[in-house]
Amino acid sequence: MSEPVYEIVSPVGATPAVTSAVARSTRAIAPAPPLADLNGKRIGFIWTNFRNGDILLAAFAELLAKRFEGMTFVNLPSGKTLNWGTYPDKSLGEVVRDYKIDGLIAAPGC
Amino acid sequence: MSRAISWTENVGVPAVGIVCQGFSNTVRMVARAEGLSDTRIVELPQPNIAVRSTEEVHVAAADLLDGVIAKLTTATAVTPQRAPAAASRPSAAFHAPRDIVFKGTLREINEHFIKNVWCDGLPVVPPTLDLVDEMLGYTDRSPDEVIGVLKPKNLNATVWNVAVNGVAAGCRPEYMPVLLAIVEAIAEPRFGVEHIGSTAGWTPLILLNGPIIKQLGFTSGQGVMLPQTQANMTVSRFLRLCLVNIAGYRLGETDMASYGRNYYPVLAEAEDLSPWPPSSTDRGFAAGDNVVTVQSADVISHSFLSIGDAEQHLRNIAYEVSRELGGSILYHMEHFGGEVAPIICLSPLVAGILARAGYSKDDVRRYLFEHARVPAWQFDDRLNRSQSGLNLHRAVAAGRLAGIFAVSDDPNRLVPIVHRPEEFFIVVSGSPDRNRNFIAGQIGEQGLTVSRKITLPEVWKNRFGNAG
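So, here's what we can say about the structure.

Rules of the game
- Residues numbered from 1 in each chain as written.
- Chains lettered and ligands numbered in written order.
- Predicted model: local features only at pLDDT ≥ 70, side-chain atom pairs only at ≥ 80, totals over all residues.
- Heavy atoms only, no water.
- Core = buried A, V, L, I, M, F, W, Y, C linked by side-chain atoms within 4.5 Å.
- Buried < 20%, exposed > 50% of the residue type's maximum accessible area, 1.4 Å probe, protein only.
- Helix = DSSP H or I, 4+ residues; strand = E, 2+ residues; numbered from the N terminus.
- Lys, Arg positive; Asp, Glu negative; His and termini not counted.
- Salt bridge = Lys/Arg side-chain N within 4 Å of Asp/Glu carboxyl O.
- Polar contact = N/O pair within 3.5 Å; in protein donor to acceptor, adjacent residues only side chain to side chain.
- Contact = heavy atoms within 4.5 Å.
- Phe/Tyr/Trp six-rings, centres within 6.5 Å; stacked < 30°, edge-to-face > 60°.
- Lys NZ or Arg CZ within 6 Å of the ring centre and 35° of its normal.
- Pairing = 2+ DSSP bridges.
- Axes fitted to C-alpha atoms, helices over the stretch in contact; angles between N-to-C directions.
- 1 Å grid on protein atoms, 1.4 Å probe; cavity = no way out; pocket = protein on both sides within 12 Å on 5 of 7 lines; lining within 4 Å.
- Points joined across faces, edges and corners; volume = space filled by probe spheres on them.
- Nonpolar A, V, L, I, M, F, W, Y, C, P; charged D, E, K, R; others polar.
- Buried area = accessible area lost by both parts, 1.4 Å probe.
- Parallel < 35°, antiparallel > 145°, perpendicular 65-115°, else oblique.
- Left-handed = near helix turned anticlockwise from the far one by under 90°.

The biggest cluster of nonpolar side chains holds 107 residues, and the ones touching the most others in it are B:Met176, B:Leu208, B:Val235, B:Val321 and B:Leu354. Of all the elements, helix α7 (residues 176-187) of chain B adds the most residues to this core, at ten residues. A:Leu38, A:Ile55, A:Leu64 and B:Val57 belong to the second-largest nonpolar core, a separate cluster that totals 30 residues.

Next up, the structure:
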């Protein structure tokens, strides 16, 4: 006796419709143009609250300040105090603009 | 981090991520799901940054500096992709809901699921059109309705794919209202579904209240946390399949758990044996509402005993709470979001002893807040493990903890293990005649508690009457 044969549908989630607000936020993001150099630039730091990420960022600040003229550094808030663009709270993109950040370095720690 | 990079690049600011070796692929995949076509990454070779000394971290920074500068000052290799012109041209990886994607025997179906990483490694019930339609018979909602978007893959959870995953998990059709409420809960930003793939590898715990418990045959009694009852197990398994198939969690790609946990059976409350109002009323619902609550449970304690009169029971419970939640999990209380929701599950016997002695749940919470404490040095030690030099005084100064945590410099002063008494979530469940209890530790903004009322379809009255 032959085994039964089943025809199945996919369990995978659906792509968002292009017209939805979420889909607009997940459209292709063009990588940002590079900085010409780092002299006088304001760099934002994101640390995701795991060990040694903060130390790494502080070390970068020290080294960059020695190598380039007039750099400034801003520690941006991390975690749920900041959303990543689709949540009702202020988005990271808005914060980056508010702080007039020219470039960002993110370090997690682990 | 991937999202931080994506949203920064989105406003025209170059962003570079420093990534421990082994995580680059994950960062790229999650960033791609956010729409970023190329990611500026500098990889830190082993050993993991967490095990390096401060001096070694400084050396690593010097080693990586040129790479970081290059990433910020160099165009990425990939040219920007154009946005898709219309939804009518979906990617080849996605199908219309009712498309047949595979045909085969039960064994072949399961091989297909395993090959595509559509499951949890266990055999599935083949999601055929007729079985999915049976599930849809227990909702009045349109199959196309979008319940939410689940990160990290940013895919839509729809009524349809909830039904499909429910079938695959082995759920009965009448579980469908519970399944929908679960997905509504995890789609809430507060829950933080995007954190499930983190190093901690935490697993959500589902709690259930209301008449639906008995209507659907959930167990809330002896052995409630054992894999035995169809309802408790398959509903929880359904959530795991959703996390794999809709949220898009894959081990080593978007899921970087160090160890992880198996999914827990649904914890249904023994409402008829509890001396107190249902735990869902603590979340703002009315007694008698059908409510599902989802939250992280990174630790499940030993089922500890408590003895004696009410006060002795409370002392025993407070000791176990301080032991269980005052260990490694403690730093989440300070580090991750300012709110935790540990579950204190008491057996009906123990809850009854406390209630007859005049203790309400609020009384129990206040007692635990006052007595489930740890010495400050223990908390300081745990904070320092997460962030070098961090201690309670610095956390209070930074505004992340209240002043009660730093009233003196005495390292042996006793400090609370939650922010406020209301954070203890008391649930009555388990073997009704045993003096055993357990604790489930929740880890702050990673899986913060979300509750949703379960909406019942019209057909429910015919099947189960008006209750619920």
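Still to come is the rest of the account.
Moving on, we get to the side chain of B:Arg250. Residue and element names in this part refer to chain B. Within the element layout of this structure, Arg-250 appears in the loop between α9 (230-247) and β7 (267-268). It is Glu-253 that comes nearest to the buried, bridge-free Arg-250 among opposite-charge side chains, at 5.1 Å. Here the side chain of Arg-250 touches Val-117 through a polar contact of 3.3 Å, landing on its backbone oxygen. In this structure, Arg-250 is in contact with Asn-116, Val-117, Trp-118, Val-244 and Asp-255, ignoring residues within four places of it in sequence.

Moving on: the environment of B:Ile41. Residue and element names in this part refer to chain B. Mapping Ile-41 onto the fold places it in strand β2 (residues 40-44). Judged by its relative accessible area of 8%, Ile-41 falls in the buried class. For the pair Ile-41 and Ser-322, spaced 281 residues apart in sequence, the C-alpha separation works out to 41 Å. Excluding residues that lie within four positions of it along the chain, Ile-41 makes contacts with Val-16, Gly-17, Val-19, Ser-24, Val-27, Arg-28 and Lys-71.

A few words on the packing of aromatic side chains. All names here are of chain B. Under the criterion given, the structure shown has seven aromatic pairs over all chains. Centre to centre, the rings of Phe-113 and Trp-118 are 5.3 Å apart; their planes meet at 85°, and the pair counts as edge-to-face. Each member of the pair, Phe-113 as well as Trp-118, is classed as buried. Ring geometry for Tyr-138 against Trp-460: centres 6.3 Å apart, planes inclined by 90°, an arrangement best described as edge-to-face. Within this pair, whereas Tyr-138 is found in the loop between α5 (129-136) and β4 (146-150), its partner Trp-460 is found in helix α16 (residues 459-464), the two being separated by 322 residues in sequence. Across the pair, exposure class does not vary: Tyr-138 and Trp-460 are buried alike. Site record: aromatic cluster; members linked through ring pairs are Tyr-138, Trp-460 and Phe-464. Geometry around Phe-425 places Arg-283 over its ring, the cationic atom sitting 3.8 Å from the centre.

This next bit is on the sheet that holds strand β6 (residues 204-209) of chain B. For sheets, the rule is that strands pair by backbone hydrogen bonds, running either parallel or antiparallel. All names here are of chain B. Strand order across the open sheet formed by four strands is β7-β6-β8-β16, with mixed pairing between neighbours. Of all strands in the sheet, those with a lone pairing partner are β7 and β16 (450-453), marking the two edges. Here six bridges tie β6 to strand β8 (residues 291-296), and the two strands are oriented antiparallel to one another. Paired with Leu-205 across the bridge in β8 is Gln-295. Sitting on the sheet, α9 touches β6 and β8, and the angle it makes with β6 is about 140°.

Right, let's get into the environment of B:Val350. All names here are of chain B. Residue position: Val-350 is located in helix α12 (residues 348-356). Counting along the chain gives 45 residues from Val-350 to Leu-305, while the straight-line C-alpha distance between them is 9.4 Å. If sequence neighbours within four positions are ignored, Val-350 has contacts with Ser-306, His-313, Ile-317, Arg-434, Asn-435, Arg-436 and Asn-437.

This part is about the layout of surface pockets. All names here are of chain B. One number sums up the size of the second largest pocket: a volume of about 610 Å³. When residues of the lining of the second largest pocket are traced back to their parent elements, those giving at least two are α11 (331-335) and α14 (376-386). Per-class residue counts for the lining of the second largest pocket are nine nonpolar, nine polar and six charged.

Turning our eyes to something else, we now look at the interface of chain A and chain B. Facing 71 residues of chain A, the contacting portion of chain B comprises 97 residues. In total, chain A and chain B occlude about 7,200 Å² of area from one another, counting both sides; carbon and sulfur atoms represent 68% of this. Note that A:Arg67 is salt-bridged to B:Asp66, the shortest N-O span being 2.7 Å. At the junction of chain A with chain B, the criterion picks out 22 residue pairs in polar contact (both at pLDDT 80 or more). Ranked by residues supplied to the side of chain A that touches chain B, first place goes to helix α2 (residues 53-67) of chain A with ten residues. Grouping the constituent residues of the side of chain A that touches chain B by class yields 45 nonpolar, 15 polar and eleven charged. The sheet contact formed by strand β4 (residues 103-107) of chain A and strand β1 (residues 15-20) of chain B spans three bridges and is parallel. Its bridge partner lying in β1(B), A:Ala106 is registered against B:Gly17.

Looking now at α12(B). Residues and elements named next belong to chain B. Every buried residue of α12 is accounted for by Pro-348, Val-350, Ala-351, Gly-352 and Leu-354. Of the surrounding elements, those touching the buried residues of α12 are α10 (310-325), β11 (343-346), α13 (361-371), β14 (425-428) and β15 (436-441). Remark: Gly-358 follows α12 within two positions and exhibits a positive phi of approximately 100°.

As a further point, take the pairing of β6(B). Among the six residues in β6(B), six count as buried, and that is most of the element. Here β6(B) shows no split at all, with B:Pro204, B:Ile206 and B:Leu208 on one side and B:Leu205, B:Leu207 and B:Asn209 on the other all buried.

Before going further, it helps to examine the packing of α10(B) against α13(B). Residues and elements named next belong to chain B. The contact between α10 and α13 brings their axes to 9 Å, and the two run at 55°. Put simply, α10 runs oblique to α13. The chirality of how α10 crosses α13 is right-handed. Listed contacts from α13 to Glu-311, Leu-314, Arg-315, Ile-317, Ala-318 and Val-321 of α10 are Val-364, Tyr-367, Leu-368 and His-371. A class-by-class count of the residues in the contact of α10 with α13 yields seven nonpolar, one polar and two charged.

The five strands lie next to each other as β3(A)-β2(A)-β4(A)-β1(B)-β2(B), forming an open sheet whose pairing is parallel. Edge positions in the open sheet fall to β3 (72-75) of chain A together with β2 of chain B, since each of these has one partner strand only. Taken pair by pair, the neighbouring strands of this sheet meet at an average axis angle of 25°, ignoring direction. For strand β2 (residues 42-47) of chain A and β3(A), the ladder comprises four bridges, and the chain directions are parallel. Bridge pairing in β3(A) links A:Phe45 to A:Asn75. Sheet strands touched by helix α2 (residues 24-33) of chain B: β1 and β2 of chain B. Its angle to β2(B), the strand with the most contacts, is close to 160°.

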